[in-house]
Amino acid sequence: MTPVDGQGPDGPGLESRHRAWRVLLAVAAGAYADAALERELAQGSLSPLDRGLVTELAYGAIRQRRLLDAWINAHARMVAERQPPPLRWLLHVGLYQILFSERVPVSAAVSTSVALARRIGLARLAPTVNAILRAVLRRREALPGPLAPWDGLSLPADPAERLGLCHSLPPWLATALLAWLPAAGAEAFARAAATPPPLDLRINPARTDRATQQAAFAAAGVTAEPLPDHPLALTLPGRSGDLRALPGYREGHWCVQDRHAQAVVPLLAPRPGERILDACAAPGGKTTQIAECLRGQGELWAVDRSEARLRRVRANAERLGQLEGIGCLAADAGDLELLRPDWIGYFDAILLDAPCSGLGTLARHADARWRVTPALIEELLPVQSRLLEAIAPLLRPGGRVVYATCTVHPQENRGRIDAFLKGHPTWQLEQELQWWPGEGGGDGFYAARLAAPALNGV
């Protein structure tokens, strides 16, 4: 990849770093990382290379916050959390380049950080920035390579503390991972959570096939690889930018959907002629996948409590040519028995893609690891149970429910299923799947298929 060298104190390279720093400042003040980044990229023109640098530095520094703080703590007079926020996040931008970025020479990382200090009104602290970054460089240059980003730090002996520090996980999550997984699995999860994920697509079989779409990508110079375990999936390694410019987007030949998310609807196994409910439908990836399975025969309802999010379902369905087969209702799925009494015992199959902590998707959401807490998960558990209880009466005798989440937390997953089955002993758990982020790619997902009792046991 072409190196980025900063191009002088007022060049585009400095502007990219300035915008990345503003993203960090906004996130620290409570903004979501994706929204903050979108605002910065929308202000003025940047080349694709510089837009990529802003994204890499902002998201990378946010993911690696704990490790970057540790380097500050090791080389500054004041610990990171007591540093003035503008200085702390400026140091994070510089340190991330030194420790993680292969596209930025270390000399440019230091010089642009010093220049940025002057630009943002921290000229008196520019010598401090220079001293801390160069101290880190000297420490690492004294070590034999190749180096991991934590090499040069004094690491804790406790396995959870070490895992959390090296991979910038909050302490509670590092401890939990080692309780849920063997050490190698926890390490693989941590690495995957810090790695920008590939772009997975699901082919729309009503309009094209995988081989044809792959050829269209190749003709446009886009690398696309089939995923062998997912017959309608392509993955675009390292792809970013405006997806709408890719071949087949406007024609509805594909939609974006993680490889493991694509395996949830096959577990539901919708068949032509059935009545299907997608109880928490937005943004509509699984809704349109169900519609593909029904092939225009049957009835499909997409329910979401947010009308704005339902508009995304409609837009996705319209682009894929499936809008006529989907009914949309803005409502809380927990209230459907009261809102739509005609739906009691009505559906052959129901998908409940429940609201969850999203711990399986940390790679996609740079700030999520710092937002999700044990307290938040405790608040989600009764919500998930309430939804599962609420949709059960809507299923016909002998029908099936798939409960799915994009988290890996056992209490949000099997814990909710066990609690439901305890109160409904005539129901059956037919199949259960858990995907963990790791070396094979893909987000973390959970899915369980439950079968309602048939009439008279038939």
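Bear in mind the structure is a predicted one, so any value in this text is a computation, not a measurement. (Residues numbered from 1 in each chain as written. Predicted model: local features only at pLDDT ≥ 70, side-chain atom pairs only at ≥ 80, totals over all residues. Heavy atoms only, no water.)

Enquirer: What exactly am I supposed to notice about the sheet that holds strand β2 (residues 225-226) here?
Expert: Two strands in a sheet stick together by hydrogen bonds in their backbones, pointing the same way (parallel) or opposite ways (antiparallel). Strand order in the open sheet made by the 4 strands is β2-β3-β1-β4, with antiparallel pairing throughout. Taken across any chain shown, the strands that pair with only one partner, and hence form the sheet edges, are β2 and β4 (254-256). Both β2 and strand β3 (residues 233-236) contribute to a ladder of 2 bridges, which runs antiparallel. Bridge pairing in β3 places E225 opposite T235. (Pairing = 2+ DSSP bridges. Helix = DSSP H or I, 4+ residues; strand = E, 2+ residues; numbered from the N terminus.)

Enquirer: I tried to follow the pattern of salt bridges on my own but got confused; where do I start?
Expert: When the charged atoms of two side chains lie near each other, side chains of opposite charge can form a pair. All chains considered together, the criterion is met by 24 salt bridges. Across the pair D353 and K286 runs a salt bridge whose closest N-O atoms are separated by 2.8 Å. You can see D353 sitting in strand β8 (residues 347-353) and its partner K286 sitting in helix α13 (residues 285-294), a full 67 residues away along the chain. Side by side, D353 and K286 carry an identical accessibility label, which is buried. R414 is the partner of E432 in a salt bridge, and the nearest nitrogen-oxygen pair spans 2.9 Å. With a gap of 18 residues between them, E432 in strand β10 (residues 428-435) and R414 in helix α18 (residues 414-423) connect regions that are remote in the sequence. What makes E432 partly exposed here is its relative accessible area of 31%. Classification of R414 by relative accessible area gives partly exposed; the value is 34%. (Salt bridge = Lys/Arg side-chain N within 4 Å of Asp/Glu carboxyl O. Buried < 20%, exposed > 50% of the residue type's maximum accessible area, 1.4 Å probe, protein only.)

Enquirer: Would you mind showing me how to read the pairing of strand β11 (residues 445-451) here?
Expert: A regular strand places its side chains so that they alternate between the two faces of the sheet. Burial analysis of β11 places 7 of its 7 residues in the buried class, the great majority of the element. As defined by bridge partners, strand β9 (residues 395-405) adjoins β11 across 6 bridges and the pair is classed as antiparallel. Each residue of the ladder has a partner; that of V402, found in β11, is R449. Judged from the 7 bridges that link them, β10 and β11 form a sheet pairing that is antiparallel. Bridged to L433 within β11 is A447.

Enquirer: Please explain the packing of helix α3 (residues 48-63) against helix α5 (residues 85-99) as it appears in this structure.
Expert: Packed helices, taken two at a time, are described by their axes: the angle between them and the distance between them. Contact geometry of α3 with α5 gives a least axis separation of 9 Å together with a crossing angle of 100°. In terms of their interaxial angle, α3 and α5 are classed as roughly perpendicular. Residues E56, L57, G60 and A61 of α3 pack against H92, V93, Y96 and Q97 of α5. Taken together, the residues of the contact of α3 with α5 sort by class into 4 nonpolar, 3 polar and 1 charged. (Axes fitted to C-alpha atoms, helices over the stretch in contact; angles between N-to-C directions. Parallel < 35°, antiparallel > 145°, perpendicular 65-115°, else oblique. Contact = heavy atoms within 4.5 Å. Nonpolar A, V, L, I, M, F, W, Y, C, P; charged D, E, K, R; others polar.)

Enquirer: Sorry, what's going on with the layout of surface pockets here?
Expert: Over the atoms rolls a probe the size of a water molecule, and in doing so it shows where empty space is left. Reported here for the second largest pocket is a volume of approximately 230 Å³. Looking at the second largest pocket, it is lined by 18 residues, and the ones nearest its centre are A291, R295, G296, Q322 and G325. Among the elements of the structure, α13 and β6 (299-304) are those that each provide at least two residues to the lining of the second largest pocket. For the lining of the second largest pocket, the leading source of residues is α13, giving 3 residues. (1 Å grid on protein atoms, 1.4 Å probe; cavity = no way out; pocket = protein on both sides within 12 Å on 5 of 7 lines; lining within 4 Å. Points joined across faces, edges and corners; volume = space filled by probe spheres on them.)

Enquirer: Help me understand α13, please; the structure alone is not making it clear to me.
Expert: An α-helix turns once per 3.6 residues; consequently, residues spaced three or four apart project the same way. With 9 of its 10 residues buried, α13 lies for the most part within the structure. Three or more residues of α13 are buried, namely G285, K286, T287, T288, Q289, I290, A291, E292 and L294.

Enquirer: How should helix α7 (residues 126-141) be read in this particular structure?
Expert: Spanning 16 residues, α7 covers 22 Å between terminal C-alpha atoms, matching the ideal 22 Å at 1.5 Å per step. Every buried residue belonging to α7 is among A126, V129, I132, L133, A135, V136, L137 and R140, and all of these are buried. (Expected span 1.5 Å × (residues − 1).)

Enquirer: Looking at this model, I keep getting lost on the packing of aromatic side chains. Mind explaining?
Expert: Given two aromatic rings, their pairing is described by the distance between the two centres and the angle made by the two planes. Within this structure, the stated rule accounts for 10 aromatic pairs. Seen in terms of ring centroids, W343 and F347 are 5.2 Å apart; in terms of plane orientation they differ by 75°. Their pairing is edge-to-face. For the residue pair W343 and F347, the accessibility class agrees, reading buried in each case. Looking at R319, its charged tip hangs above the ring of W254, at a distance of 5.9 Å from the centre. Across from the ring centre of W301, 5.4 Å away, lies the NZ or CZ of R340, which sits over that ring. (Phe/Tyr/Trp six-rings, centres within 6.5 Å; stacked < 30°, edge-to-face > 60°. Lys NZ or Arg CZ within 6 Å of the ring centre and 35° of its normal.)

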